[in-house]
Amino acid sequence: MAVDLTTGTYDESGIFSKHNEAPKSVEKKTKEDIASSLKNFQVLKILKECLTTKSVVIEGRFNGDERSAIVIVEKLPFDMRDISQLFTSDSRLELKFWNNIYGNYHVYPQNGFNGIGVRVIHPASEDDFLKFVDIPLVMVSETKELYEAVTHPYFKTNSQKCKDVTNISSNENEVIYNDKKENSFLLLKDDPENCSCTNTHFRSKAIISRKELLSIRDLTAIDLPLLINLQKKCLEELSVKYNVPTSKIESYVTYPPTNFPLHIFFETVEKDSMIPAEKAHHLETIISNLQLIPDYYQRITLTYSLPEKDTLLKSIMEHTRNK
């Protein structure tokens, strides 16, 4: 007979919880409170405010629970189907400015029109908080020597920790196109979380099956047939699937990468957030560079930014100090 030696305590409701685990009654109570109202949320601190996305990130706690919570409040995009509801007598207008033909108002529409989105992370871990902290960036000039000594070993170590995303059985609902040739790739949906882009916006990613291709640094002229075929097939598939002309779709690789093996992203040109210029390398430009110089990406110095606390940056700085 198996004996459970787990230690814990019983709460006032008679529910047993293991030590170092949040009481189940508290967890259930918190979810019920959130579902009905946010009145039990206590604001402790504003973590971040973004005027562009019209959002604010708040740290706080729920009554009766000492665990930290993060609440993200963001104004929702307009629903074009109901925009006429704005122009009714139920909307209260407040004049702010008038000059000749130009008027500026604050409008307070009826309840239920253009609401506010609220996301809750509870309990929030230290990693959750780090996502919403503005960490200063540092520019890195990565030479060929620095790449070989620090960056490439770093990529190789991290790639071994990544799950096999080319396993189609675990991505069936996300698959747009599966290329089964020798230099195969998988085209998957990759819609960003909480995107407030236009209704026609989409993003997808092509993942190359060759495990040795970790980043653009590994690409040479030998890979040109793969890249040209991938670009052609992906643009065709996406254009048909989303009814968008290929001239409205951009393709790019990010560096340094955050996923392995090599990912190539396809996204509509019209979007609400841009990738930093130094991190995005357009596929058309990559192909052109390799046609001119076969080992272009093994020779050049690549410049990019990293957060001050990034582990790759720490390795680079340590290597530089020890030189």
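Residues numbered from 1 in each chain as written. Predicted model: local features only at pLDDT ≥ 70, side-chain atom pairs only at ≥ 80, totals over all residues. Heavy atoms only, no water.

### A short note on the nonpolar core
For the record, the criterion: Throughout, nonpolar core names a set of buried Ala, Val, Leu, Ile, Met, Phe, Trp, Tyr and Cys residues whose side chains join them through atoms within 4.5 Å. Partly exposed residues are those whose accessible area sits between 20% and 50% of the maximum for their type, while under 20% is buried and over 50% is exposed, using a 1.4 Å probe and protein chains only. Counting from the N terminus, the helices are the DSSP runs of H or I reaching at least four residues and the strands are the DSSP runs of E reaching at least two.
In this structure, Leu 230, Ile 264 and Phe 266 are the most contacted members of the largest nonpolar core, which totals 43 residues. The element that contributes the greatest number of residues to this core is helix H4 (residues 224-242), accounting for 7 residues. Of all hydrophobic cores here, the second largest spans 6 residues; its members include Ile 70, Ile 72, Phe 129 and Phe 132.

### Side note on a nonpolar patch on the surface
We count it as follows: Exposure above 30% relative accessible area and the absence of a salt bridge qualify a residue for a patch, where like charges join within 9 Å and nonpolar side chains (Val, Leu, Ile, Met, Phe, Trp, Tyr) within 5 Å. Every accessible area reported is derived by Shrake-Rupley at a probe size of 1.4 Å, with residue values counting cover from the shown protein chains alone. The salt bridge criterion pairs a side-chain nitrogen of Lys or Arg with a carboxyl oxygen of Asp or Glu, the two atoms within 4 Å.
A contiguous nonpolar patch, built from Leu 93, Leu 95, Trp 98, Tyr 105 and Val 107 and spanning about 510 Å² of accessible area, is present on the exposed surface. Contributions of two or more residues to the nonpolar patch are made by strand S6 (92-99) and strand S7 (102-108).

### Considering unusual backbone geometry
In this chain, Tyr 255 is followed by Pro 256 through a cis amide linkage whose omega measures 0°. Looking along the chain, the bond that leaves Phe 260 and enters Pro 261 is cis, with omega of -5°.

### Describing the sheet that holds strand S14 (residues 263-268)
The cut-off we apply is this: For two strands to count as paired, DSSP must find a minimum of two bridges between them. In this analysis an axis means a line fitted to C-alpha atoms, helices contributing only their contacting stretch, and an angle means the value between N-to-C directions, from 0 to 180 degrees. The criterion used for residue contact is that any of the two residues' heavy atoms lie within 4.5 Å.
Within the open sheet, the 6 strands sit side by side as S10-S11-S12-S14-S13-S15. Their pairing is antiparallel. If you trace the sheet from one side to the other, it starts and ends with strand S10 (175-179) and strand S15 (280-282), each paired once. Between one strand axis and the next, the sheet turns through 25° on average, direction left out of account. Where strand S12 (residues 203-208) lies against S14, 5 bridges are found, and the strand directions are antiparallel. The partner of Ala 206 across the bridge, within S14, is Ile 264. Sitting on the sheet, H4 is in contact with S10, strand S11 (185-189), S12, strand S13 (249-254) and S14, with an inclination near 30° to S11. Sheet contacts for helix H5 (residues 283-292): S13, S14 and S15; angle to S15, the most-contacted strand, approximately 65°.

### A word on the pattern of salt bridges
Scanning all chains against the criterion turns up 13 salt bridges. Note that Arg 217 is salt-bridged to Glu 142, the shortest N-O span being 3.0 Å. With Arg 217 in the loop between S12 and H4 and Glu 142 in strand S9 (residues 137-142), this residue pair connects regions lying 75 residues apart in the sequence. In this structure, a network of salt bridges that share partners links the residues Arg 92, Glu 94 and Lys 96.

### Describing the confidence of the model for the protein
Worth spelling out the cut-off: Values of pLDDT, which run from 0 to 100, indicate the predictor's confidence residue by residue.
Scored by pLDDT, the protein comes out at a mean of 83, with 82% of its residues at no less than 70. Predicted confidence is poor over residues 1-22, with pLDDT under 50, and the contacts of this stretch with residues over four places away or in other chains come to 24 contacts.

### A short note on H4
Each turn of an α-helix holds 3.6 residues, which means side chains three or four residues apart point in the same direction. The condition that has to hold: The span one expects for a helix is its residue count, reduced by one, times 1.5 Å. Directions pointing from the helix axis toward each C-beta atom define the arc.
Helix length check: H4 (19 residues) gives 27 Å between terminal C-alpha atoms against 27 Å at 1.5 Å per residue, within 8%. By the burial criterion, the buried members of H4 are Leu 224, Leu 226, Leu 227, Leu 230, Gln 231, Cys 234, Leu 235, Leu 238 and Ser 239. For H4, the arc enclosing every buried residue in end-on projection is 165°, short of the 170-degree limit, so these residues lie on one face. In H4, the exposed positions that point more than 90 degrees away from the buried face belong to Pro 225 and Val 240. Those residues of H4 that are buried are in contact with S10, S11, S12, S13, S14 and H5. At the exit of H4 stands Asn 243, carrying a positive phi of roughly 55°.

### With respect to the pairing of S11
Within a regular strand, the side chains alternate between the two sheet faces. Within S11, 4 of the 5 residues are buried, which leaves the element mostly enclosed by the surrounding structure. Bridge analysis of S11 against S12 gives 5 bridges, and the strand direction is antiparallel. Within the sheet, the bridge partner assigned to Lys 189 lies in S12 and is Ser 204.

### Re the pairing of strand S4 (residues 55-62)
Among the 8 residues that make up S4, 6 are buried, leaving the element largely enclosed by the rest of the structure. Of the strand pairs in this sheet, strand S3 (residues 41-50) and S4 are connected by 8 bridges, and their pairing is antiparallel. Residue Glu 49 lies in a different strand from S4, and its bridge partner there is Val 56. Linking S3 back to S4 in an antiparallel pair, the connection comprises 4 residues, with Lys 54 at a positive phi of about 55°. Sheet analysis places S4 next to strand S5 (residues 69-75), joined by 6 bridges and oriented antiparallel. Looking at S5, one finds that Val 56 is bridged to Val 73. Here S4 folds back onto S5 in antiparallel fashion, the turn holding 6 residues, of which Gly 64 has a positive phi close to 80°.

### A closer look at the packing of H4 against H5
In plain terms, the rule: Any angle that is under 35 degrees is reported as roughly parallel, and any over 145 degrees as roughly antiparallel; angles of 65 to 115 degrees are reported as roughly perpendicular and all others as oblique. Throughout, a crossing is termed right-handed when the near helix is turned clockwise from the far one, and left-handed when it is turned anticlockwise from it by less than a right angle.
At a minimum axis separation of 11 Å, H4 and H5 run at an interaxial angle of 155°. Considered as vectors, H4 and H5 are oriented roughly antiparallel to each other. Remark: the crossing between H4 and H5 carries left-handed chirality. Here Leu 224, Leu 227, Ile 228, Leu 230 and Gln 231 of H4 come into contact with H5, specifically with Leu 283, Glu 284, Ile 286, Ile 287, Leu 290 and Gln 291.

### Concerning the side chain of Lys 205
Here Lys 205 lies in strand S12. Here Lys 205 falls in the buried class, since its relative accessible area comes to 18%.

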